[in-house]
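A look at the structure
Residue-level listing of the chains:
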Amino acid sequence: MSIEVFRDAWGIPHLRAGDPLELAYAQGHNAAIDRAWQLEVERHRAQGTSAAFLGADSLDWDRFARQARLADTARRCYARLDEPTAAWLDRYVAGAADGLREGADRAPQFAATGLAPGRWEPWTPMALWLSHHILFAGFPSKLWRRRVMDLLGERAVALFATDGIATSGSNGWLLAPGRTANGAALIAGDPHRFIEDPGIYQQIHLACPEFDVVGLAVPGVPGIAHFGHTGSVAWAITNAMADYQDLYHERLRRTARGGVEALGPDGWRSAAAHTETIEVAGSEPVTVEIVETDRGPVVIGGPDGTDGALSLRYPPRVREELGFAALPALLRARTVADVDRALEKWAEPVNVVLAADTAGGLLHRVAGAVPRRDARNLLRPVPAWDAAHAWRGWHAPLPRAEVTDHAVMANQRGLAAPLGVEFSAPHRADRIAELLAGSGRWTGESMAAVHTDTYLGSTATLLGLLAGLPRLSPAADRLRTQLLGWDRRMDRDSVAAGHYAALRSAVVRLLAAEPVLAPLAEPSGLPELFAPWLSLTARIAFALERLLAADLPAADLPAADLPAADLPAADLPADDRAADDLAGDGLLPGLLTGIDRAELVRTALEQLAATQARDGTAPPTWGDTHRLAPWQALPDPDPTPDPPPGPALGGDHDCVLATSCIPGLTDLSARASAARYVWDLGRREDSRWVVPFGAHAVPGHPHHRDQLPLWLSGALVPVITDWNRLTKETGDDH
């Protein structure tokens, strides 16, 4: 094989091979060398075997991965691949398998856990992809909505409409050639995900005689799915916030022979059932029953439960298709038309896509698989035995829009509105558009000013209540004066931003303690895996803007906060209109009319002022408490109660610099920009990128965390594609 590996000054791998199959092998081999531990952890998570070495904390995930049939779905999707895509995937897996032993010898986590690299199957990359994205469509939010409807009434759901608990989000924007200094299009943005160490995205350069592509790859998966630049065309995505997964209430019963039956529209039908054993490090093995009905695998409850069972229906399980045929097609793309054609094969997850080429072509569209079904399916679990809730084909064609000047995608209600229920508030999208309007000569270098903008657009409601408070104590009045004079930027060195965050958290906690909301704080009895979606404090935190203004007409509130139910019916296809009882007369529910929100804000302000006066210390800045808290897959044999804090961060959930915490619970940020990129269509080498840590995953390696200072400051690393500026690697250089 004619494979060459080069590195740039940041250790980023640049791979060159004689043909696409050799290159796929090289990509898999490189991923195993640089990120062996990450690959093995993700393989185990996809198979539901991670608790065997990570311990009981991983048991809930392993149980879900098995019940949801992630590995089996990947097998089925692989079996349906066309022959060329399957051969390409096979070579990637062969490269990963050949590199894992060497990679494991370099990664100390293997010795620390006693884990040895396991067998990679041809379908393993597809299982990893499913594992990463199974929660992207947010089906656990339907558990929350059911809980709100059952305990507080159906109209109360609109109070909490938000994407705040979502596992992913992103910013992305495209500037047409007329808006840039060099007369060529620019695409920039940053995917927001839970921050992992090592990171979910790997900067990489893949070249062979057929194509030459730079982009952000997902370790363990071949090609460049989400963010790439081939030299003549570039693309990027954000989560479309589409709803394409359903939960069904199942009625299950045991048969005389020990089997399981499920009640469907046509009566009782046999369900597939078997048991599996999950090994747990430091604990006894756990047996789990796997049940699958005609709707899908049962992920909550079972035949012997007292509260019923819920099955999950999701497109890859139904269609046996992930869209992997799009991946080699994207590598070969030369124009936006090529990208557009490739994305016709895409399935999971559902994305909003921006693309541009050197000939001036521009693309803005949704890609993926979204089923057509009754609108109530989008809101909460629905009865499996009612034929009205069956899927009825697929949305096609998916929405697209013409780009003439610029396009912004930030998970807001927009292009994908007919396909979802809850979207991000418009603050990030509006702020990006406002910033882009400030210049007509943008460059790749100047994009950092957008990436790192810390203006918080969701402050108006809380600060408005604050401004109207009479009869404050002197200390509270001084604090209010400081907050009202604040520039609303969540800068890490800002004392006022720290005050605002502390006040916001206090308000969230006081709201969560209100008796009318107390039922939502009771234990749900659902698996702990879904606790983030069911946390009352978290839900209040991300819906605070709406909750503090809940008596206002819907027209006075940000439209992007509202579920699809609150849009005019004419704006939605008939089968996607949400329940009429969520639309009402245009007024939000009066559930909170008994709560004096101004008095609640006063109480929070006085408490904060009194605490600061009592402590007598310098007030903290936002960065003193808002710190990075990445997830690492490694059991700690000697856990310390107070681990050292991560680096200080600026930004906040609704800032363009999106560094999410959970006000009322913690200021620590586990979700932020998993990468930043700028794709320049005038000259690819003027493109830039950065990741939170580094190109290499081995602790102590020179390139393990060398990009962290740049990521924290907003700086970007140049994209190098000139082979003469790279260093060729020998076998001893890993």
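Now for a description of the structure that goes with this document.

**Points about the side chain of Asp62**
Secondary-structure assignment places Asp62 in helix 3 (residues 59-67). Buried charged residue Asp62 carries no salt bridge. Nearest counter-charge: Arg66, at 5.8 Å.

**A word on the packing of helix 14 (residues 460-467) against helix 15 (residues 474-484)**
Two elements in contact, helix 14 and helix 15, have axes whose closest approach is 10 Å; the angle formed by their N-to-C orientations is 140°. Taken together, the axis directions place helix 14 and helix 15 in an arrangement best described as oblique. At the point where helix 14 passes helix 15, the crossing takes the left-handed sense. Residues Leu463, Leu466 and Ala467 of helix 14 touch helix 15, and the partners they reach there are Arg480, Leu483 and Leu484.

**Some remarks on the pattern of salt bridges**
Going through the model one piece at a time under the given rule, you end up with 47 salt bridges. For Glu276, the salt bridge identified is with Arg66, shortest N-O distance 3.1 Å. You can see Glu276 sitting in strand 12 (residues 267-278) and its partner Arg66 sitting in helix 3, a full 210 residues away along the chain. With a shortest N-O distance of 3.9 Å, Asp72 and Arg75 are connected by a salt bridge. One end of the pair, Asp72, and the other, Arg75, are both in helix 4 (residues 70-79), three residues apart, so they sit about a helical turn from each other. Linked through salt bridges whose partners overlap, the residues forming this network are Arg69, Asp72, Arg75, Arg76, Arg80, Glu292, Arg317 and Glu320.

**Considerations on the environment of Ala207**
Within the secondary structure layout, Ala207 lies in strand 5 (residues 202-208). Owing to a relative accessible area of 4%, Ala207 belongs among the buried residues under this scheme. Residues Ala207 and Arg725 lie 518 residues apart in sequence; the distance between their C-alpha atoms is 15 Å. Ignoring any residue separated from it by four or fewer positions in sequence, one finds Ala207 in contact with Leu15, Arg16, Ala17, Leu23, Asp212 and Trp723.

**Here we look at the nonpolar core**
With 205 residues, the main nonpolar core has Phe64, Phe160 and Ile540 as its most contacted residues. Apart from residues no more than four positions distant in its own chain, Phe160 is found in contact with Trp144, Val148, Glu422, Leu517, Leu520, Leu536, Arg539, Ile540, Ala543, Arg546 and Leu547. Counting seven residues, the second largest nonpolar core, distinct from the first, contains Leu252, Ala262, Ala271 and Ala309.

**Focus on the packing of aromatic side chains**
Considering all chains together, one arrives at 16 aromatic pairs under this definition. Residues Phe139 and Phe530 carry aromatic rings whose centres are separated by 5.9 Å and whose planes lie at 70° to one another, so their mutual orientation is edge-to-face. Taken as a pair, Phe139 in the loop between helix 7 (124-133) and helix 8 (140-152) and Phe530 in the loop between helix 16 (495-512) and helix 17 (531-534) lie far apart in primary sequence, 391 residues in all. Taking relative accessible area as the criterion, Phe139 reaches 0% and is therefore assigned buried. The exposure class of Phe530 is buried, given its relative accessible area of 1%. Every member of this aromatic cluster is reached through a ring pair, and the members are Tyr201, Phe227, Tyr677, Trp679 and Trp689. The residue whose ring lies beneath Arg251 is Trp385, and the NZ or CZ to ring-centre distance is 3.9 Å.

**Focus: the sheet that holds strand 15 (residues 309-313)**
An order of 14-15-9-18 is seen for the four strands of this open sheet, with the pairing classed as mixed. Two strands bound the open sheet, and with one partner strand each, they are strand 14 (298-300) and strand 18 (382-383). Pairing of strand 9 (residues 246-250) with strand 15, which is carried by five bridges, proceeds in the antiparallel orientation. Bridge pairing in strand 15 links Tyr248 to Ser311. Packing of helix 8 onto the sheet brings it into contact with strand 9, strand 14 and strand 15, and relative to strand 9 it is tilted by some 55°.

What counts and how
- Residues numbered from 1 in each chain as written.
- Predicted model: local features only at pLDDT ≥ 70, side-chain atom pairs only at ≥ 80, totals over all residues.
- Heavy atoms only, no water.
- Helix = DSSP H or I, 4+ residues; strand = E, 2+ residues; numbered from the N terminus.
- Buried < 20%, exposed > 50% of the residue type's maximum accessible area, 1.4 Å probe, protein only.
- Lys, Arg positive; Asp, Glu negative; His and termini not counted.
- Salt bridge = Lys/Arg side-chain N within 4 Å of Asp/Glu carboxyl O.
- Axes fitted to C-alpha atoms, helices over the stretch in contact; angles between N-to-C directions.
- Parallel < 35°, antiparallel > 145°, perpendicular 65-115°, else oblique.
- Left-handed = near helix turned anticlockwise from the far one by under 90°.
- Contact = heavy atoms within 4.5 Å.
- Core = buried A, V, L, I, M, F, W, Y, C linked by side-chain atoms within 4.5 Å.
- Phe/Tyr/Trp six-rings, centres within 6.5 Å; stacked < 30°, edge-to-face > 60°.
- Lys NZ or Arg CZ within 6 Å of the ring centre and 35° of its normal.
- Pairing = 2+ DSSP bridges.

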